[in-house]
Amino acid sequence: MSATPDAVAELIEQTLHASELEFSHYQGGPTGYPGIVVALPGERRLTTNTLLSVGDHGVRIEAFVCRKPDENFEGVYKHLLRRNRRLYGVAYTLDNVGDIYLVGRISLESVTAAEIDRILGQVLEAVDFDFNVLLELGFRTSIQKEWEWRLSRGESLKNLKAFEHLRPE
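The following refers to the structure shown. All values reported here derive from a predicted model rather than from experimental measurement.

1. With respect to the packing of helix H2 (residues 73–84) against helix H3 (residues 113–153)
Geometrically, a packed helix pair is captured by the angle between its two axes and the distance between the axes.
So, point 1. Axis separation between H2 and H3 bottoms out at 9 Å; the angle between their running directions is 160°. By the angle class used here, H2 and H3 are roughly antiparallel. In this structure, H2 meets H3 at a crossing whose hand is right-handed. In contact with Gly-75, Val-76, His-79, Leu-80 and Arg-83 of H2, H3 contributes Glu-125, Ala-126, Phe-129, Asp-130, Val-133, Leu-134, Leu-137 and Gly-138.
So, point 2. Here the residues of the contact of H2 with H3 sort into seven nonpolar, three polar and three charged.

Below you can see the structure in the form of structure tokens.
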């Protein structure tokens, strides 16, 4: 017996409920399948919205990681390619404008509660582990300017704490 898209979508929802993860439904674009958007709570990146699109033959996983780097493209892309070697079920990629995503695919027959948990865990681990590294590699100058601006105006430095080593002296 083969898995149906409706049965897989129901299994995904049950798994997300059991894991107490927030999610919503996505109706799909003109050429895309409908799906479920899961809000994965993290530490470095507070929330990673991940789209699980259930098609006729499989589930597509897609998570936005960060926008196109402002600088040091080679360093950013080298980091992403090296990380791809160690990721399970997903890989880093770029969209048409250069924004960074994690994407993956699972056949309908392979979707189980454990596999959903494993894939979403990998997305969360990758984004949470790599987020600050990607920001520092691709937006270092902007972060340094933000430090200078906030210090000069007495603004909150709370969300720059991870980049304390870039604080001007």
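2. Looking at the pattern of salt bridges
So, point 1. What the rule picks out here adds up to nine salt bridges.
So, point 2. Arg-118 is the partner of Glu-115 in a salt bridge, and the nearest nitrogen-oxygen pair spans 2.2 Å. Highlighted residues: Glu-115 and Arg-118, both in helix H3, separated by three residues, approximately one helical turn.
So, point 3. Since its relative accessible area comes to 11%, Glu-115 is described here as buried.
So, point 4. On the accessibility criterion, Arg-118 (42% relative accessible area) is partly exposed.
So, point 5. Salt-bridge contacts for Glu-164 lead to Arg-167; the nearest nitrogen and oxygen are separated by 3.4 Å.
So, point 6. Owing to a relative accessible area of 34%, Arg-167 belongs among the partly exposed residues under this scheme.
So, point 7. Salt bridges sharing partners connect three or more residues here, namely Arg-83, Glu-125 and Asp-130.

3. Comments concerning H3
So, point 1. Its 41 residues give H3 an end-to-end C-alpha distance of only 50 Å, which falls more than 12% under 60 Å, the value for a rise of 1.5 Å per residue.
So, point 2. Of all the bends in H3, the greatest measures close to 95° and is centred on Phe-139.
So, point 3. Where H3 terminates, the next one or two residues include Gly-154, which has phi positive at roughly 70°.

4. Focus: the sheet that holds strand S1 (residues 22–26)
So, point 1. Read from one edge of the open sheet, six strands run S1-S2-S3-S4-S6-S5, paired in antiparallel fashion. For this open sheet the edge positions go to S1 and strand S5 (91–94), each flanked by a neighbour on one side alone. With direction set aside, neighbouring strand axes in the sheet form an average angle of 30°.
So, point 2. Bridge analysis of S5 against strand S6 (residues 100–107) gives four bridges, and the strand direction is antiparallel. Paired with Tyr-92 across the bridge in S6 is Leu-102.
So, point 3. Sheet strands in contact with H3 are strand S2 (35–41), strand S3 (47–54), strand S4 (58–66), S5 and S6, and its direction is about 25° off that of S4.

5. With respect to a positive patch on the surface
So, point 1. A contiguous patch of positive charge, built from Lys-78, Arg-82, Arg-85 and Arg-86, is present on the exposed surface.
So, point 2. Assignment of secondary structure puts Arg-86 in the loop between H2 and S5.

Conventions used here
- Residues numbered from 1 in each chain as written.
- Predicted model: local features only at pLDDT ≥ 70, side-chain atom pairs only at ≥ 80, totals over all residues.
- Heavy atoms only, no water.
- Axes fitted to C-alpha atoms, helices over the stretch in contact; angles between N-to-C directions.
- Helix = DSSP H or I, 4+ residues; strand = E, 2+ residues; numbered from the N terminus.
- Parallel < 35°, antiparallel > 145°, perpendicular 65-115°, else oblique.
- Left-handed = near helix turned anticlockwise from the far one by under 90°.
- Contact = heavy atoms within 4.5 Å.
- Nonpolar A, V, L, I, M, F, W, Y, C, P; charged D, E, K, R; others polar.
- Salt bridge = Lys/Arg side-chain N within 4 Å of Asp/Glu carboxyl O.
- Buried < 20%, exposed > 50% of the residue type's maximum accessible area, 1.4 Å probe, protein only.
- Expected span 1.5 Å × (residues − 1).
- Bend = angle between axes of the 7 residues up to and from the residue.
- Pairing = 2+ DSSP bridges.
- Patch = residues over 30% accessible without salt bridge, like charges linked within 9 Å, V, L, I, M, F, W, Y side chains within 5 Å.
- Areas by Shrake-Rupley, 256 points an atom, 1.4 Å probe, with all protein chains shown as cover.
- Lys, Arg positive; Asp, Glu negative; His and termini not counted.
- Charge placed at Lys NZ, Arg CZ, Asp CG, Glu CD.

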